[in-house]
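Summary of the model geometry
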Amino acid sequence: MKILILTNGEYGDYGFCKEDVLEQDSYDFVICADGGIVHAQNLGIVPDLIVGDFDSGNHETLSYYKALNIPIETFNPVKDETDTEIAIKKAVEKGATAITIYGGVGSRLDHTLGNVHLVYSLNELGIQGRLMNPHNTVYVVNDSIVLSGQVGDLVSLIPFAGDAKGIKTKHLGYPLEGENLRVGTSRGISNYMTKQQAEISLEEGALIVIQARD
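Reading the values: rules and limits
Residues numbered from 1 in each chain as written. Predicted model: local features only at pLDDT ≥ 70, side-chain atom pairs only at ≥ 80, totals over all residues. Heavy atoms only, no water. Salt bridge = Lys/Arg side-chain N within 4 Å of Asp/Glu carboxyl O. Helix = DSSP H or I, 4+ residues; strand = E, 2+ residues; numbered from the N terminus. Buried < 20%, exposed > 50% of the residue type's maximum accessible area, 1.4 Å probe, protein only. Pairing = 2+ DSSP bridges. Expected span 1.5 Å × (residues − 1). Arc of directions from axis to C-beta. Contact = heavy atoms within 4.5 Å. Patch = residues over 30% accessible without salt bridge, like charges linked within 9 Å, V, L, I, M, F, W, Y side chains within 5 Å. Areas by Shrake-Rupley, 256 points an atom, 1.4 Å probe, with all protein chains shown as cover.

1. Details of the pattern of salt bridges
- With the rule as written, the count across this model stands at 8 salt bridges.
- For the salt bridge of Glu73 with Lys90, the shortest nitrogen-to-oxygen distance reads 2.8 Å. Here Glu73, found in strand β4 (residues 72-74), pairs with Lys90, found in helix α4 (residues 83-93); they are 17 residues apart in sequence, far enough to count as distant.
- Of the residues examined, Glu73 reaches a relative accessible area of 29% and is grouped as partly exposed.
- When its relative accessible area of 19% is taken as the criterion, Lys90 is described as buried.
- Two residues, Asp83 and Lys79, come together in a salt bridge whose shortest N-O distance is 3.3 Å.
- Here the residues in one salt-bridge network are Asp53, Lys79 and Asp83, joined through shared partners.

The following block contains the structure:
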């Protein structure tokens, strides 16, 4: 089951959403986390579930979705999880096999890093996760991934939670052939695709894989 989560992050002119195929039937279930409801309304998306403490949500928009009888789950603002983490947990409960999070990368670096950790945690459940904003699509990979894009697209590989070992790549301009990327270096930044699909795999550890757009 492919689930889309809309958060209250950075969306720009919403162009990246359209590139991701905006039509709602591209996803089996849509969840809004708090202020993500504003972006959902701007995009013409009717979510299947809304969650959050609504400290940042637009109350007029919330009333709009209440009138449509969209299920809404309200949480105390004093809580251990972010609204995004709550939305991810709901997606997992729904049986998600892949989760895309719009706005998961934004001006709040603390939230961005927290969201990267949340995507990392999905690996243990066998769920593919990714964060998307106008400038980045972010994955955390502990086995392999095939990226789709255009020749010349920037791809950065950053070791996560320790050294990443035995990395192999295909169709990247600076190939890796079973090599390691160590924490504390910037070696994997600004690689690029030489074909419309690129492959990345590793034997040990985890990589943050970022398709970046300037």
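2. Remarks on the pairing of strand β1 (residues 2-6)
- Most of β1 is tucked away, with 4 of its 5 residues classed as buried.
- Sheet topology places β1 next to strand β2 (residues 29-33); 4 bridges connect them, and they run parallel. Each residue of the ladder has a partner; that of Ile3, found in β2, is Phe29.

3. Some remarks on unusual backbone geometry
- Look at His171: it is not a glycine, yet its phi comes out positive at around 65°.
- Here His171 is to be found in the loop between β9 (154-170) and β10 (177-181).
- For Ser190, which is not glycine, the phi torsion reads 60° and is therefore positive.
- In this structure, Ser190 sits in the loop between β10 and β11 (191-192).

4. Comments concerning helix α5 (residues 109-123)
- Between its terminal C-alpha atoms α5 stretches 22 Å, which fits the 21 Å expected from 15 residues at 1.5 Å a residue.
- Every buried residue of α5 is accounted for by Thr112, Asn115, Val116, Leu118, Val119, Leu122 and Asn123. On an axial view of α5, the arc spanned by its buried residues comes to 165°, and they lie on one face.
- Buried-residue contacts for α5 involve α4, β5 (98-102), β6 (128-132), β7 (136-141), β9 and β13 (204-212).

5. Looking at a nonpolar patch on the surface
- A surface patch of nonpolar side chains, about 240 Å² in accessible area, is lined by Val46, Tyr64 and Leu68.
- Mapped onto the fold, Leu68 is located in the loop between α3 (59-67) and β4.

6. Points about the environment of Leu62
- In this structure, Leu62 sits in helix α3.
- Distance in space between the C-alpha atoms of Leu62 and Asp28 is 22 Å, their sequence separation being 34 residues.

7. Here we look at the pairing of strand β12 (residues 197-201)
- Residues Ala198 and Ile200 line the buried face of β12, whereas the alternating positions Gln197, Glu199 and Ser201 sit on a face that is not buried.
- Summarising the sheet, strand β8 (residues 144-148) and β12 pair through 5 bridges and their orientation is antiparallel. Within β12, the residue paired with Ile145 across the bridge is Ile200.
- In this sheet, β12 lies alongside β9 in antiparallel orientation, the contact comprising 3 bridges. Across the sheet, residue Thr169 finds its bridge partner in β12, namely Ile200.

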